[in-house]
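Observations on the model geometry
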Amino acid sequence: MKIVSTKDNLQILHEDNHIILINKRVGDIVQGDKTGDKPLSDVVKEYIKEKYNKPGEVFLGVVHRLDRPTTGIVVFARTSKALERLNAMFSNRETQKTYWAVVKNKPSKNEDNLVHFLKRNEKNNTSKAHIKEIPESKKASLDYKIIKTLDNYFALEINLHTGRHHQIRAQLAAMGCPIKGDLKYGFDRSNPDGGIHLHARKLAFLHPVSKEPITIIAETPKDAIWNSI
C-alpha cells in the first residue's frame, strides 16, 4: 500500500478528488474536542491546502471516527457530494470494516459471533456490554477469529456488523479478553505510548462518486507485537 509522507508524518493510503484515507497514529484525534489538541482533520486540511495551493478555506468532511488510542484507517471526504454519500454508506453498513486486536487471554472459541447490547455511560465515556437488552441499550454484533498465537498474546481479526461506541473494546472485555493496553476496559497495564493494540486494518467500499470498488489495507504501527503478526 502506497504511503505518502509529509512534514506532519501523515500516512496517506488513498487520495483522489473526492476522498482521502489516512492511517491514523496513536494519540491522534480525528475531530476537535474539549482537549483543544490539534485534530487530524486540521492536519489533512493543511496538507491539501499546501499541496494544491488552495486559496481560502479547504472543505473536508469527517465521515467516521476512531478512538484516540486506536490506529488505522480513517476516511475523509473532500467534496460535499462524497460526504453525503459516504455518510449514507456508513450508516447503512455498506462498508466492510476489518480490525486487528491483540489480547492477553485466549477466547473460549477460536472464532465466534458476539452479540451484546451496549449501554453508553457519558460521564466516564465508556460502554458496557450486556447479554440481554436493557433500557437505552443498542444491539452490537461482530465476528472474531484468532489469526495468530503469540508468545504471551493472541491476535484477533474482527469484522464489525454494527458501529457502536467503543464496540470492539467493550465486547472483547465482556468475554474476558480486554485489548492490550486498554486500562479503561480492564487490561492490567497501559502501553508505553498510551495507545491500545486495536488497529483498523482493512476497509472495503464502493467509491462514492465513481462507484469503483476500493479495498484499503493499513500497515500496523511499528512495535515488537504488531511486527510479529
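Structure: see above.
To start, this report covers the structure provided alongside it. The model shown is predicted, which means the values in this text are computed figures rather than measured ones.

1. A look at the side chain of N23
Topologically, N23 is positioned in strand β2 (residues 19-24). Of the polar contacts made by the side chain of N23, one reaches the backbone oxygen of E219; its length is 3.0 Å. Apart from residues no more than four positions distant in its own chain, N23 is found in contact with Q11, L13, G72, I73, H199, A218 and E219.

2. Side note on unusual backbone geometry
Phi at E136 is positive, roughly 70°, even though this residue is not glycine. Note that E136 resides in the loop between β7 (126-130) and β8 (138-149). Notably, H166 is not glycine yet its phi reads approximately 55°, a positive angle. Structurally, the position occupied by H166 is in the loop between β9 (154-160) and α3 (167-174).

3. As for helix α1 (residues 40-51)
The first and last C-alpha atoms of α1 sit 16 Å apart over twelve residues, in line with the 16 Å expected at 1.5 Å per residue. Along its buried surface, α1 packs onto β1 (12-15), β2, β3 (61-62) and β4 (71-77). Note on α1: the residue one or two positions beyond its end, N53, has a positive phi of about 50°.

4. With respect to the nonpolar core
Ranked by size, the top nonpolar core spans 34 residues in total, and within it V44, F76, I158, I168 and L172 carry the most contacts. Going through the elements one at a time, β2, α1, β4, β5 (96-103), β8, β9, α3 and β10 (198-206) are the ones with two or more residues in this core. Counting residues per element, this core draws most heavily on α1, which supplies five residues. Non-local contacts of I168, meaning those with residues more than four positions away in its chain, are made with Y99, L142, I158, L160, I179 and L198.

5. Quick look at the layout of surface pockets
There is about 1600 Å³ of room inside the largest pocket. Listing elements by their share of the lining of the largest pocket, those giving two or more residues are α2 (80-91), β5, β6 (111-121) and α3. Each residue belonging to the lining of the largest pocket can be placed in one class, and the counts come to 13 nonpolar, 18 polar and 17 charged. Here the second largest pocket defines a volume of roughly 190 Å³. Of the residues belonging to the lining of the second largest pocket, the class tally is three nonpolar, five polar and four charged.

Reading guide: rules and limits
Residues numbered from 1 in each chain as written. Predicted model: local features only at pLDDT ≥ 70, side-chain atom pairs only at ≥ 80, totals over all residues. Heavy atoms only, no water. Helix = DSSP H or I, 4+ residues; strand = E, 2+ residues; numbered from the N terminus. Polar contact = N/O pair within 3.5 Å; in protein donor to acceptor, adjacent residues only side chain to side chain. Contact = heavy atoms within 4.5 Å. Expected span 1.5 Å × (residues − 1). Core = buried A, V, L, I, M, F, W, Y, C linked by side-chain atoms within 4.5 Å. Buried < 20%, exposed > 50% of the residue type's maximum accessible area, 1.4 Å probe, protein only. 1 Å grid on protein atoms, 1.4 Å probe; cavity = no way out; pocket = protein on both sides within 12 Å on 5 of 7 lines; lining within 4 Å. Points joined across faces, edges and corners; volume = space filled by probe spheres on them. Nonpolar A, V, L, I, M, F, W, Y, C, P; charged D, E, K, R; others polar.

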